[in-house]
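In case you want the letters, here they are:
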Amino acid sequence: MQISEEQIKLVNNQINALVSAGSFYGKKLKEAGISEIKSAGDFENLPFSEKLDLREAYPLGLMTAPENKIVRIHSSSGTTGLPVIIPYTAKDVDDWGEMFKRCYEVAGITNLDRIQITPGYGLWTAGIGFQNGAEKLGAMVIPMGPGNTEKQLQMMQDMKTTVICATSSYALLLAEEIEKRGIKNNIRLKKGVIGSERWGEKMRNRISESLGIELYDIYGLTEIYGPGIGINCEHNTGMHYWDDYIYIEIIDPVTLKPVSDGEWGEIVITTLVKEGAPLIRYRTHDLSRIIPGECHCGRKYPRLDTIKGRTDDMIKIKGVNVFPSQIEEILQTFPEVSSEYQIRISHLDRKDTMRIYVETNGHVDFLNLADRIATTVKSKIGFTPLVKVVEIGLLPRSEKKTKRVIDERFE
Ligand code: ZN
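Here the structure is a predicted model, which means the values were calculated and not measured.

Procedures and definitions
Residues numbered from 1 in each chain as written. Predicted model: local features only at pLDDT ≥ 70, side-chain atom pairs only at ≥ 80, totals over all residues. Heavy atoms only, no water. Phe/Tyr/Trp six-rings, centres within 6.5 Å; stacked < 30°, edge-to-face > 60°. Helix = DSSP H or I, 4+ residues; strand = E, 2+ residues; numbered from the N terminus. Buried < 20%, exposed > 50% of the residue type's maximum accessible area, 1.4 Å probe, protein only. Lys NZ or Arg CZ within 6 Å of the ring centre and 35° of its normal. Pairing = 2+ DSSP bridges. Axes fitted to C-alpha atoms, helices over the stretch in contact; angles between N-to-C directions. Contact = heavy atoms within 4.5 Å. Salt bridge = Lys/Arg side-chain N within 4 Å of Asp/Glu carboxyl O.

**Q** Could you clarify how one ought to interpret the packing of aromatic side chains in this entry?
**A** By convention here, two paired aromatic rings are described through the distance between centres and the angle between planes. Scanning the model with the defined rule gives 6 aromatic pairs in all. Ring plane angle 85° and centroid distance 5.2 Å describe the contact between F43 and Y247, whose orientation is recorded as edge-to-face. Of this pair, F43 sits in helix α3 (residues 40-44) while Y247 sits in strand β10 (residues 246-251); the two residues are 204 residues apart in sequence, bridging distant segments of the chain. Residue F43 is classed as buried on the basis of its relative accessible area of 1%. In this structure, K274 is placed above the aromatic ring of Y225, and the distance from its NZ or CZ to the ring centre is 5.0 Å.

Here's what the structure looks like:
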């Protein structure tokens, strides 16, 4: 998705604000002698920003608007080391709410809906993001926060909640509890808005069938406002994102060059109108692709595919970027294979080769199954792996996380 003239103008405003504030990234731009870009080519030469760098700006080095305009901070959960602190102006909070409102609207949610919010409230951007958008929409918010399933289900029945906002794992837990207690007849849920953790089609179907609701995936990250920068529409063909607030590129995480629309790679986001802490070319390490063409819904907002994992999981083979979840997805379409598989990458005859080991029972024609899997991988991903089919029980099992991908090239 090439950057447009209008977006270039907005990026220049962001560069200007960063440089004149002398904030963390502004100093970097200044050192690099960048004060303006003129073309898409210039844009691609702008330095990236990374979470690790942003940590160096702790606590308030990212602040780009004057302090009297900052109304709130949020912080990304740092599992190790310092967190990243993102300051927001009133306009940032408002813009974020507008984007989130748009998400609800795309999901067909209106001001007559009753929205129960189960993500957490606090320094992180989850709960409060869902809330801002819902209030802007004019819906009735039930701000539960996480946990206390007993109370969640009570309120869900008494308030006749129509929309549940949750992580996929919590949505599944609630669905199972509702089944277990036999209270489905008291539940009025129609839709679920689910945070953007990676989740499989099987889990998705389980939640949606068990509760009888439509599910919508929402995307976002604290560094870039929070959840609400994109959502899938009723056609469920990727997530529309708001290109009047953010510009998204997909890059090859190895060469760091942008890839063409339709190709998989890392999501890199540039804010276009942010005041508190604008970010230029922020590397999310999330893997996705731009879905080319227009959506059947007719909305002009571009689309990102479902997040397929993190760049750290990626394998480059025969010039094609592959990640294990893609292989896993393909294997899931073969009911005759078990849930266990192993991927081995090796360098044979000066060529990178992928071998996929799968298990099945003795009634299946092993060679024919291997052929069909290899052909499907070729047609869906673009290279032919060697597929080895073995008897059920032969692949290693582990009580901890099973290691499914072994890269022998670096051993
Ligand atoms: Zn659409």
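What follows picks up the thread again.
**Q** Help me out: how do you make sense of the sheet that holds strand β19 (residues 386-391) in this one?
**A** As summarised here, the arrangement of the 4 strands in space is β19-β18-β17-β20, forming an open sheet in which the pairing is mixed. The sheet is open, and its two borders are formed by β19 and β20 (405-407), each paired with just one other strand. The average angle at which neighbouring strand axes cross in this sheet is 15°, direction not considered. Taken together, the 9 bridges between strand β17 (residues 337-348) and strand β18 (residues 351-360) define a ladder with antiparallel strand orientation. The residue bridging I345 from the neighbouring strand is M354, located in β18. Sheet strands touched by helix α10 (residues 324-332): β17, β18 and β20. Its angle to β17, the strand with the most contacts, is close to 135°.

**Q** Sorry if this is basic, but what is going on with the sheet that holds strand β8 (residues 226-232) here?
**A** What links the strands of a sheet is backbone hydrogen bonding, and the strands pair in either a parallel or an antiparallel sense. As summarised here, the arrangement of the 9 strands in space is β4-β3-β5-β6-β7-β8-β9-β14-β13, forming an open sheet in which the pairing is mixed. The sheet terminates laterally at β4 (140-143) and β13 (290-291), the two strands that pair on one side only. Where strand β6 (residues 191-194) meets strand β7 (residues 214-221), 4 bridges bridge the pair, whose relative direction is parallel. By the bridge assignment, V193 is partnered in β7 with Y216.

**Q** For this particular structure, what's the right way to read the pattern of salt bridges?
**A** Side chains that differ in charge, positive against negative, can pair when their charged atoms come close. For the structure on display, the rule yields 29 salt bridges. The closest approach of N and O atoms between E214 and K191, which form a salt bridge, is 3.8 Å. Of this pair, E214 sits in strand β7 while K191 is found in strand β6, placing the two residues 23 residues apart along the sequence. A relative accessible area of 41% places E214 in the partly exposed class. Between R289 and D305 there is a salt bridge whose closest N-O contact spans 2.8 Å. Of this pair, R289 sits in the loop between β12 (282-288) and β13 while D305 is found in the loop between β14 (303-304) and β15 (315-317), placing the two residues 16 residues apart along the sequence.

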